[in-house]
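Structural overview for review
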Amino acid sequence: MQFPPIGLLLALATALSTGAALVGWRNRDTDGAPVFIGLMTLVAFWSLTYAFELLSTDVAWKLFWNNVQYLPGFLTPLAFCAFALAYAGKADAITPRLAAVLAFPPVATGLAMWMPATEPLVRQEARLVAWGSYTALDVVHGPLFVAALAYSYLFVAVGLLQLVSTSLRAPLVYKQQSALVALGAVVPIGASVASYISGYTIIDLTPVALSAFGVAVAVALARYQLLTVSPVERDAILSEVTDAILVTDRTDRLLDRNPAAAAVLDDAAGVGTDLATVDAAPVPTLLAAPCGTTTELTVAGDRTRRFDCRKIALSDDDPDGGARLYVLHDVTERREHERQLERKNERLDRFAGVVSHDLRNPLSIAMGHADLAERDPDPEHFETIADAHDRMDEIIESLLTLARTGNDVADPTPVDLGTVAERAWDQVETDDASLSVDADDLVSADSQRLAQAFENLFRNAVEHGGADVDVTVGSSPSGFYVADTGPGIPEADRDTVFDPGVTTDHGGTGVGLAIVSAVAAGHGWTVSAGEGAAGGARFDFATGEPASADVTAVTDATATDGGVRRRSPR
């Protein structure tokens, strides 16, 4: 038996690989740890059997240990590739059945060493040679070994490519971890390739270098929680998270962010950027918020969005000066639903007021005349009761229309303002009244809901302005308007005229203009009451979109005068 210095290195490599496997065992519940344990076990067994070969002086024993180490030597590259895929978040790429198929060539090569008929395919010649004051086994390999070696290097290349690409794509927070793993893999692979290229294969330092790789990974496991969430898995997880997530250090330097955060900041802040220098609306609010609090912020753009921002200290020792995590949860839809719910509740309150107020009078009349009819069945009592019922039915129908009109318009389409107005005019008893349309614009609207608004405005104009009132529908810089030549609305009443139940006509329901207001709100518009050029009422709709004058068609029932479409009295 001999004791060359390389034997000590191999013994150390065996101990280091075994220790790395034990570290992996303590973290065995982590995804990818079982693969790492298998890799380090193979390296430890390879190092140990190679050490026994070098310690032996008898050629028979050297050949025995040489035969034993072929199997772990050929299986190690497969285990290395499996570990690299696990680190890159692709552990599912190799199923147990596929792993068995891929392992068959190395296993077959390792078994061929033990059969005299196939041994020359792997090892054609082996002889003892002097290596300093020691002896070593010089082997001439056969074609099967060369094929198995090329097969192994294929898996080494795939694994190394995965590690390097993952390291290059890793965010700043994962750079140390990724660089440590990638560097640890390059060293043994480089040593193995160099030995075969140089032709110096008497001593193989690959197991020693692989043990160093194992130590590097073990350190990453213990210190950086390697494989707990790999960089690629981290990307997959954060890409699926709809909340915007930012991680900063104690100096507000951005360490990491997900795609949702990039969208909120309009790509103004890349990893490594000082957030204080970023010209984005939410940044001052983010930095000013104390840790452990939730702040609501608004981000303007094509669509105004609202976020609940949670700022969390990542260091218990220094909650105010350490790293911070920002989670921005988009509450735009929730706030919109809350706004709609508030509007519906307001309408319910108004309905309750209208029902309790407006229905009380006809109901009292009906009940009073019913009592009188019991004592005196005069037909006039029954006519009065019928009129009261008709009045209540009218109020109920108006309230139902208002309730249905209050919902938001889900899918507006471009419609011709003048055409919708003319069709609505045909649905109203207008007597000798006339309609002028000075608008050939397209508006984005629900044509039926818009027609409801026009019908109620036209009916309101005829009821208050008389049978010969003139009504105009025209374009305005902010949208469109409806004006009439009636008595108008007193200035003191213009702010409340859209409230349900408000009317200056004793026979009215007080719901018509409330329906108009609900139609406007459902489209996202605003409507206001004012005075027209002729002194009558004017209702202005602000649509928030520029007018489009692409429509030039005029219906057969409409006359034109200087671009104004006039609807004659019926």
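Residues numbered from 1 in each chain as written. Predicted model: local features only at pLDDT ≥ 70, side-chain atom pairs only at ≥ 80, totals over all residues. Heavy atoms only, no water.

Examining the overall build of the chain
For clarity, the threshold we go by: Helix and strand labels come from DSSP, where a helix needs a run of H or I of at least four residues and a strand needs a run of E of at least two; each type is numbered from the N terminus. For each residue, the accessible area found with a 1.4 Å probe, counting protein chains only, is set against the maximum for its type, and the residue is called buried under 20%, exposed over 50%, and partly exposed in between. Contacts: residue pairs with any heavy atoms within 4.5 Å of one another.
When helices and strands are tallied, the chain shows 17 helices and 16 strands. Counting across all 570 residues of the chain, residues that qualify as buried make up 44%. By sequence separation, contacts in the chain at least 24 residues apart represent 64% of the contacts at least 6 residues apart.

Focus: helix α16 (residues 447-465)
To keep it simple, the criterion reads: Between the first and last residue of a helix there are one fewer steps than residues, each counted as 1.5 Å, and that sum is the expected span. Think of a polar contact as two N or O atoms within 3.5 Å of one another; within protein, one of them needs to be a possible hydrogen donor and the other a possible acceptor, and neighboring residues in sequence only count if both atoms come from side chains.
In this model, α16 (19 residues) spans 26 Å end to end at C-alpha, consistent with the 27 Å of a helix rising 1.5 Å per residue. Within the sequence span of α16, burial applies to Arg449, Leu450, Ala451, Ala453, Phe454, Asn456, Leu457, Phe458, Asn460, Ala461 and Val462. Capping the start of α16 is the job of one residue whose side-chain oxygen sits 3.0 Å from the backbone nitrogen of Gln448: Asp446. One or two positions beyond α16, positive phi appears at Gly466, with a value near 95°.

Considerations on the packing of aromatic side chains
Going by this rule: Within 6.5 Å between ring centres, the rings of Phe, Tyr and Trp (the latter by its six-membered ring) count as paired, and their orientation is classed by plane angle as stacked under 30 degrees, edge-to-face over 60, tilted in between. A positively charged side chain is recorded as over a ring if its NZ (Lys) or CZ (Arg) lies within 6 Å of the ring centre. The angle to the ring normal must also be within 35 degrees.
Tallied over the entire structure, the rule returns 16 aromatic pairs. Each ring, one from Phe36 and one from Phe83, has its centre 5.7 Å from the other, and the planes form 45°; the classification is tilted. Within this pair, whereas Phe36 is found in helix α2 (residues 33-55), its partner Phe83 is found in helix α3 (residues 59-87), the two being separated by 47 residues in sequence. We classify Phe36 as buried; its relative accessible area is 0%. When its relative accessible area of 0% is taken as the criterion, Phe83 is described as buried. Connected via pairs of aromatic rings, a cluster forms that spans Trp425, Phe454, Phe458, Phe480, Trp525 and Phe541. Above the face of the Tyr481 ring, Arg538 is positioned so that its terminal group lies 3.8 Å from the ring centre.

Here's the deal with the pairing of strand β3 (residues 244-248)
For the record, the criterion: Here a strand pair is declared whenever DSSP counts at least two bridges between the two strands.
Burial of β3 is extensive: five of the five residues sit out of reach of the surface. The side-chain alternation of β3 yields two buried faces, one formed by Ala244, Leu246 and Thr248 and the other by Ile245 and Val247. The sheet contact formed by β3 and strand β7 (residues 324-330) spans five bridges and is antiparallel. In the sheet register, Leu246 faces β7, and the bridge partner there is Tyr326. Sheet topology places β3 next to strand β4 (residues 254-257); three bridges connect them, and they run antiparallel. Bridge pairing in β4 links Val247 to Asp256. Where β3 hands over to β4, the hairpin turn is made up of five residues, of which Asp252 adopts a positive phi near 65°.

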